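# Chains, contacts and geometry: an overview
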Amino acid sequence: MEIRETPTAEAGMLIRRSVAEVFEAIVDPAITRKFWFTHGSDRLDSGKEVRWEWRMYDVSAPVTVSEIVRNEKIVMQWSDPPTTVVWTFTEMPGGTTFVEVRNFGFTGSPDEQVKQAIGSTDGFALVLAGAKAWLEQGLTLGLIGDRHPKGVPAT
């Protein structure tokens, strides 16, 4: 099989909250930890580097924000080697928000890039589902921690 386009992870979700609330849920680690990571060193801001931790996995990632347009877009680099993540927030009718996430810039062989893009799509779909549950219903689903529980063999 030949890859003709660079693999890109993409996920999107309608969240029934205002664009300001949804945007804040991504930039403020006190909110984000309700549905994604366990600890964030600081708020996301343009030019700032923060560290996100998933303590249940003993994993962390540096996050560098290259651009923020309040309530519209966040562009960041994360992981090692770094990839680019673009969050887009679109105000929808009825005070709702459509959030899209694109992750690209994967490295390695074409097969490795495809595997990384599939894994990233899976992860961001869970993040958005968790954000939706938290922001709309106040529910912490534990989706990220339950995705790879101890004792389940890695594939």
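Placed above this text is the structure.
A short tour of the structure in this document, coming up. This structure is a prediction, so every number in the text was calculated from the model and none was measured.

## Section: the overall build of the chain
A tally of helices and strands in the chain yields four helices and seven strands. Its helices and strands in sequence order give the chain the pattern β-α-α-β-β-β-β-β-β-α-α, from N to C terminus. Taken against the 2.2 N^0.38 rule, which gives 15 Å for 155 residues, the C-alpha radius of gyration of the chain at 15 Å falls within 12% of a compact globule. Counting only C-alpha atoms and orienting by the principal axes, one finds that the chain spans roughly 45 × 35 × 30 Å. By residue count, 35% of the 155 residues in the chain fall in the buried class. Here the analysis covers contacts within the chain between residues at least 6 apart in sequence; of these, 45% occur between residues at least 24 apart. Total accessible area computed for the chain in this model is approximately 8,800 Å², and 52% of it derives from carbon and sulfur atoms. Positive and negative charge centroids in the chain, built from 16 and 21 side chains respectively, lie 5 Å apart.

## Focus: the side chain of Q113
Position of Q113 among the secondary structure elements: in helix 3 (residues 110-137). The class of Q113 is buried, set by a relative accessible area of 16%. A distance of 2.9 Å separates a polar atom in the side chain of Q113 from the backbone oxygen of G108. Setting aside residues up to four positions removed in sequence, Q113 forms contacts with T6, P7, F106, T107 and G108.

## Things to note about helix 1 (residues 19-27)
Judged by how many residues are buried, helix 1 sits mostly within the fold: seven of nine residues are covered. For helix 1, every residue scored as buried is listed here: V19, V22, F23, E24, A25, I26 and V27.

## Considerations on the nonpolar core
The biggest cluster of nonpolar side chains holds 33 residues, and the ones touching the most others in it are W36, L44, W52, W78, W87 and F89. Listed by contribution, the elements that provide at least two residues to this core are strand 1 (9-15), helix 1, strand 3 (49-54), strand 4 (59-69), strand 5 (73-78), strand 6 (83-92), strand 7 (96-104) and helix 3. In this view, L44 contacts I26, V27, V50, W52, V63, V65, I68 and I74; residues no more than four positions away in its chain are not counted.

Criteria and thresholds
- Residues numbered from 1 in each chain as written.
- Predicted model: local features only at pLDDT ≥ 70, side-chain atom pairs only at ≥ 80, totals over all residues.
- Heavy atoms only, no water.
- Helix = DSSP H or I, 4+ residues; strand = E, 2+ residues; numbered from the N terminus.
- Rg over C-alpha atoms; globule rule 2.2 N^0.38 Å.
- Buried < 20%, exposed > 50% of the residue type's maximum accessible area, 1.4 Å probe, protein only.
- Contact = heavy atoms within 4.5 Å.
- Areas by Shrake-Rupley, 256 points an atom, 1.4 Å probe, with all protein chains shown as cover.
- Lys, Arg positive; Asp, Glu negative; His and termini not counted.
- Charge placed at Lys NZ, Arg CZ, Asp CG, Glu CD.
- Polar contact = N/O pair within 3.5 Å; in protein donor to acceptor, adjacent residues only side chain to side chain.
- Core = buried A, V, L, I, M, F, W, Y, C linked by side-chain atoms within 4.5 Å.

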